[in-house]
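So you can see what is in the structure, the chains are spelled out below.
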Amino acid sequence: EDQVTQSPEALRLQEGESSSLNCSYTVSGLRGLFWYRQDPGKGPEFLFTLYSAGEEKEKERLKATLTKKESFLHITAPKPEDSATYLCAVQRNMEYGNKLVFGAGTILRVKS
Amino acid sequence: GAGVSQSPRYKVAKRGQDVALRCDPISGHVSLFWYQQALGQGPEFLTYFQNEAQLDKSGLPSDRFFAERPEGSVSTLKIQRTQQEDSAVYLCASSLRVNTEAFFGQGTRLTVV
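First, a word on what this report is: a plain description of the structure on this page. (Residues numbered from 1 in each chain as written. Chains lettered and ligands numbered in written order. Predicted model: local features only at pLDDT ≥ 70, side-chain atom pairs only at ≥ 80, totals over all residues. Heavy atoms only, no water.)

### Quick look at the overall build of chain A
Scanning chain A from N- to C-terminus turns up zero helices and 11 strands. In sequence order, the secondary structure elements of chain A are arranged as β-β-β-β-β-β-β-β-β-β-β. In terms of principal-axis extent, the alpha carbons of chain A reach across some 45 × 30 × 20 Å. For chain A, the exposed surface amounts to about 5600 Å²; the carbon and sulfur share of it is 46%. Positive and negative charge centroids in chain A, built from 15 and 15 side chains respectively, lie 1 Å apart. (Helix = DSSP H or I, 4+ residues; strand = E, 2+ residues; numbered from the N terminus. Areas by Shrake-Rupley, 256 points an atom, 1.4 Å probe, with all protein chains shown as cover. Lys, Arg positive; Asp, Glu negative; His and termini not counted. Charge placed at Lys NZ, Arg CZ, Asp CG, Glu CD.)

### Remarks on the pairing of strand β6 (residues 56-59) of chain A
Look at any regular strand and the pattern is simple: side chains alternate between the two faces of the sheet. Two elements, β6 of chain A and strand β7 (residues 62-66) of chain A, share four bridges in a ladder whose sense is antiparallel. Its bridge partner being in β7 of chain A, Glu 56 of chain A is matched across the sheet by Thr 65 of chain A. (Pairing = 2+ DSSP bridges.)

### A closer look at the pattern of salt bridges
Residues and elements named next belong to chain A. Per the counting criterion, the structure on display carries eight salt bridges over all chains. Arg 92 is the salt-bridge partner of Asp 2, the closest N and O atoms lying 3.6 Å from each other. Placement of Asp 2 in the segment before β1 (3-7) and of Arg 92 in strand β9 (residues 84-92) is noted, with a sequence separation of 90 residues between them. (Salt bridge = Lys/Arg side-chain N within 4 Å of Asp/Glu carboxyl O.)

### Describing the nonpolar core
The tendency in soluble globular proteins is for nonpolar side chains to be buried side by side. By size, the foremost hydrophobic cluster in this structure holds 24 residues, and its most contacted members are Leu 33, Trp 35, Leu 73 and Tyr 86 of chain A. Take this core: its biggest share by element is four residues, from β9 of chain A. In this structure, Leu 32, Trp 34, Leu 46 and Phe 49 of chain B belong to the second largest nonpolar core, which totals 20 residues. (Core = buried A, V, L, I, M, F, W, Y, C linked by side-chain atoms within 4.5 Å. Buried < 20%, exposed > 50% of the residue type's maximum accessible area, 1.4 Å probe, protein only.)

### Regarding the interface of chain A and chain B
Each side of the interface is counted separately: chain A has 19 residues, and chain B has 20 residues. Roughly 1600 Å² of surface becomes buried between chain A and chain B when both sides are summed, with 53% attributable to carbon and sulfur atoms. Applying the counting rule to chain A against chain B returns zero salt bridges. For the pair chain A and chain B, the interface holds five residue pairs in polar contact (both at pLDDT 80 or more). Sorting the residues of the side of chain A that touches chain B by element identifies β4 (30-38), β5 (45-50), β9 and β10 (100-102) of chain A as the ones contributing at least two each. Taken together, the residues that form the side of chain A that touches chain B break down as nine nonpolar, seven polar and three charged. (Contact = heavy atoms within 4.5 Å. Buried area = accessible area lost by both parts, 1.4 Å probe. Polar contact = N/O pair within 3.5 Å; in protein donor to acceptor, adjacent residues only side chain to side chain. Nonpolar A, V, L, I, M, F, W, Y, C, P; charged D, E, K, R; others polar.)

### Overview of the packing of aromatic side chains
By the definition in use, this model includes 10 aromatic pairs over all chains. An angle of 90° between the planes, with centres 5.4 Å apart, marks the rings of Tyr 36 of chain A and Phe 104 of chain B as edge-to-face. A residue pair is termed interchain when its members come from two chains, as with Tyr 36 of chain A in strand β4 and Phe 104 of chain B in strand β10 (residues 103-104). Residue Tyr 36 of chain A shares its accessibility class with Phe 104 of chain B, and that shared class is buried. (Phe/Tyr/Trp six-rings, centres within 6.5 Å; stacked < 30°, edge-to-face > 60°.)

### Brief notes about the side chain of Thr 49 of chain A
Relative to the assigned elements, Thr 49 of chain A resides in strand β5. With sequence-adjacent residues up to four places away left out, Thr 49 of chain A is seen in contact with Leu 33, Phe 34, Glu 55 and Lys 57 of chain A together with Glu 101 of chain B.

### Description of the state of the cysteines
Counted under the stated rule, the structure contains two disulfides over all chains. One disulfide bridge connects Cys 23 of chain A with Cys 88 of chain A, the sulfur atoms lying 1.9 Å from each other. Here the disulfide of Cys 23 of chain A and Cys 88 of chain A is left-handed, its torsion about the S-S bond being about -55°. One end of the pair, Cys 23 of chain A, is in strand β3 (residues 19-26); the other, Cys 88 of chain A, is in strand β9, and 65 residues separate them in sequence. Grouping residues by exposure puts Cys 23 of chain A and Cys 88 of chain A together as buried. Residue pairing for Cys 23 of chain B: its cysteine sulfur links by disulfide to Cys 92 of chain B, the two sulfurs lying 1.9 Å apart. What sets the handedness of the Cys 23 of chain B and Cys 92 of chain B disulfide is the S-S torsion sign, and at about -65° it is left-handed. Of this pair, Cys 23 of chain B sits in strand β3 (residues 19-24) while Cys 92 of chain B sits in strand β9 (residues 88-95), placing them 69 residues apart in sequence. When its relative accessible area of 0% is taken as the criterion, Cys 23 of chain B is described as buried. (Disulfide = S-S within 2.5 Å.)

Here it is as structure tokens:
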């Protein structure tokens, strides 16, 4: 059974204090790993898709990396507006369907 | 529209009542998904459509849940005889093609009292 575990559950940072969020996964036939950001009362907002081990993608203060067992979301010099829940999800190869299997998320709070 | 639109945003139902939740996907998007999100948890898959065909309904929790997308565009998730455990946020997502990134709506928060 596919499993996605995110850690920590919650993270408090001071503005400018860099850190990383972890997403560990167990899945047969990984097609892609997805990162989403979710603000309170809103739907998840797409950030990145990673397809193969060693791949990295960046967007502003965020960088996502992927290994065969886990993904990291690195946040460099965060600002208060980066506060949100960050969700990780895996998608299997097409013959297994297109659904995303999500982790429970990491709640990030950045204080000024 | 520019994004995925869901209505209503909030729904309060009495236990035993039937509800219908609507999703307007991004125009031209082939794939449409429904997810259920409990408080403090990640979204959980309910069902998937490719155009008008429902290809995967393995996540629907009981036969009280039914989804349709008759013309390959707007979709409706119907819950019959609602129970308290059905209280959650119901999210709809669409993607342009099979296996491209999915874009989510704001969700419908269902509260069963």
